[in-house]
Amino acid sequence: MTLDTIKNTSSNKILFHCIIWVFFILTSLIQFYESPFKINNDFYIQWTTGIILFYLNYFYLVPVLLLEKKYWLYFIFVFAVILLFMIIRINYFIPDFSEVRHLKIRNMPPPEDFKLMYKGTRPAIMARRQPLFFKIGPSFFYILIITISAIIRTLTEFYNNQQNKLIAETHRTNTELIYLRKQTNPHFLFNSLNSIYSLAHKKSDLVPDAIVTLSELMRYMLYETDNKTVALEKEVNYIQNYIELQKLRLNNIEDIVINVHGDTKNKFIEPLLLISFVENAFKYGTDYKGAAHVKIKIFILENSLDFWIENTIENYIKDPDNSGIGLVNIQNRLDLLYPNAHELTIAQDNQFYRVHLNLKLDKIQTAIH
């Protein structure tokens, strides 16, 4: 976040708070419309102390005491501040009850039964009889201010904590995804160089073509895969180029088939997501005679992609240290990028190894980038 953005955000918050306070103060003035009471100094003191109490509670008391579970200190502090404000107002600003009563009587003549009720009562005694509510009533205003301030600050802290957790989780996920992507590149390069090595060992005239095809693949990996997503059309072309590279080193390619059905344009996918399946198919589906059985079908319907791949099990000797890196990698990436938006099925029998992946292309979690 830039400094200008922070300044603009702070300015907007201050402006918003000012508008809210002006609204409440103006709303409270309605009580004086066509009323015998006039606005006195206590009205201004009430709102001034109320605003002070709001921000004292918001910026200090709630985060330092209440949210730290220092409940007794919090309530003692709140009580002391409210008591201080009440003493100041009652002694210096709140009008005497006799003055208020006199003002009401002067403007609204009492009925005859009111006169009979107080007949014979001495004025001095009546002046001293201030109702209890008249003394403690203004404290309810401060209690309301404290309550609203505490609720707002608590909800704000909760929201900020949730956002911070989300950001931390996003960074963790992004770091993990980058790590998984970095694993894909050397894994692919190792397999591709192994293919070219086989051609060079045979002193094949196809080595230059293989190097050109590899350079195309590397160019795609270097300049396209750093993006959040890549065009599905480019990803499919990348897979087709990889298959052509593998064909150059094989003796029998009759059973190597790839079929693409549907429109690949204007659709996007996580880079290098499907290549691990293809790599494993050639790695374990090629026999010692240089023949391979690898059949791939890609079907696209709207934003749904179905990917099928089948290979024979000709060369499967499990290496506990290195085997399955690609498949574990892709499963982790699917969990990170397409949560609840993919279905991966892997089936194996004595002859074939089959994979089916259904992917909702529009559900990719691009926010983690």
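Cut-offs applied
Residues numbered from 1 in each chain as written. Predicted model: local features only at pLDDT ≥ 70, side-chain atom pairs only at ≥ 80, totals over all residues. Heavy atoms only, no water. Helix = DSSP H or I, 4+ residues; strand = E, 2+ residues; numbered from the N terminus. Buried < 20%, exposed > 50% of the residue type's maximum accessible area, 1.4 Å probe, protein only. Contact = heavy atoms within 4.5 Å. Areas by Shrake-Rupley, 256 points an atom, 1.4 Å probe, with all protein chains shown as cover. Axes fitted to C-alpha atoms, helices over the stretch in contact; angles between N-to-C directions. Parallel < 35°, antiparallel > 145°, perpendicular 65-115°, else oblique. Left-handed = near helix turned anticlockwise from the far one by under 90°. Patch = residues over 30% accessible without salt bridge, like charges linked within 9 Å, V, L, I, M, F, W, Y side chains within 5 Å. Salt bridge = Lys/Arg side-chain N within 4 Å of Asp/Glu carboxyl O. Phe/Tyr/Trp six-rings, centres within 6.5 Å; stacked < 30°, edge-to-face > 60°. Lys NZ or Arg CZ within 6 Å of the ring centre and 35° of its normal. Core = buried A, V, L, I, M, F, W, Y, C linked by side-chain atoms within 4.5 Å. Pairing = 2+ DSSP bridges. Expected span 1.5 Å × (residues − 1). Arc of directions from axis to C-beta.

Another point: the overall build of the protein. Counting its regular elements, the protein contains 11 helices and seven strands. Counting the 369 residues in the protein, one finds 35% classified as buried. Intrachain contacts of the protein at a sequence separation of at least 6 include 75% that bridge at least 24 residues. As displayed, the protein has an accessible area near 23,400 Å², and 61% of this comes from carbon and sulfur atoms.

As a further point, take the packing of helix α8 (residues 207-223) against helix α9 (residues 232-249). Viewed as axis vectors pointing N to C, α8 and α9 meet at an angle of 155°, and their least axial separation amounts to 10 Å. Taken together, the axes of α8 and α9 lie roughly antiparallel to each other. In the crossing of α8 with α9, the sense of the turn from one axis to the other is left-handed. Side by side, α8 and α9 meet where D209, A210, T213, L214, L217, Y220 and M221 of the first sit next to K234, E235, Y238, N241, Y242, L245 and L248 of the second.

This next bit is on a nonpolar patch on the surface. A cluster of nonpolar side chains, contributed by F16, I20, F23 and F24, occupies part of the molecular surface with about 410 Å² of accessible area. Mapped onto the secondary structure, I20 falls in helix α1 (residues 3-28). Residue classification places I20 among the partly exposed positions, given a relative accessible area of 32%.

What the rule picks out here adds up to 15 aromatic pairs. With 5.9 Å between their ring centres and 20° between their planes, Y55 and F59 make a pair best called stacked. With Y55 and F59 both in helix α2 (residues 41-66) and four residues apart, the pair spans about one turn of that helix. Residue class for Y55 comes out partly exposed when judged on its relative accessible area of 21%. Plain terms: the ring middles of F85 and Y142 are 5.7 Å apart, the flat faces sit at 45° to each other, and that makes the pair tilted. With F85 in helix α3 (residues 71-92) and Y142 in helix α7 (residues 132-201), the pair connects residues that are 57 residues apart, well separated along the chain. Each member of the pair, F85 as well as Y142, is classed as buried. Taken together, the aromatic side chains of W21, W47, F54, Y55, Y58, F59, F85, F141 and Y142 make up a single cluster linked through ring pairs. One residue, R153, lies across the ring of Y58, its end atom 5.0 Å from the ring centre. The lysine or arginine in question, K297, covers the ring of W308, its NZ or CZ lying 4.6 Å from the ring centre.

If you look at the biggest cluster of nonpolar residues, it comprises 45 residues, and the most contacted ones within it are I269, V278, F307, I309, Y338 and L359. Looking at this core, the elements with two or more residues in it are α7, α8, α9, α10 (275-284), β4 (291-301), β5 (304-312), α11 (325-337) and β7 (352-360). Top element by residues in this core is α9. It accounts for seven residues. Among all residues touching Y338, those that are not within four sequence positions of it are I269, E270, L273, R333, L359, K360, L361, K363 and I364. Core analysis: the second largest hydrophobic core is formed by 21 residues, V62, V78, F141 and I146 among them.

With that settled, consider the pairing of β5. Looking along a regular strand, one sees side chains alternate from face to face of the sheet. Counting buried residues along β5, eight of its nine residues qualify, which places the element largely inside the surrounding structure. Here β4 pairs with β5 via eight bridges, running antiparallel. Paired with V294 across the bridge in β5 is N311. Connecting the antiparallel pair β4 and β5 is a turn made up of two residues, with E302 showing a positive phi of about 55°. Sheet analysis places β5 next to β7, joined by nine bridges and oriented antiparallel. Opposite L305, over in β7, you have L359 as the bridge partner.

Before going further, it helps to examine α8. In a regular helix each residue adds 1.5 Å, so 17 residues correspond to 24 Å; α8 covers 24 Å between its end C-alpha atoms and thus fits that length. Buried within α8 are the following residues: V207, A210, T213, L214, L217, Y220 and M221. Taken down its axis, α8 places every buried residue within 140° of arc, on the same side. Exposed side of α8, more than 90 degrees from the buried face: L222 and Y223 are the residues found there.

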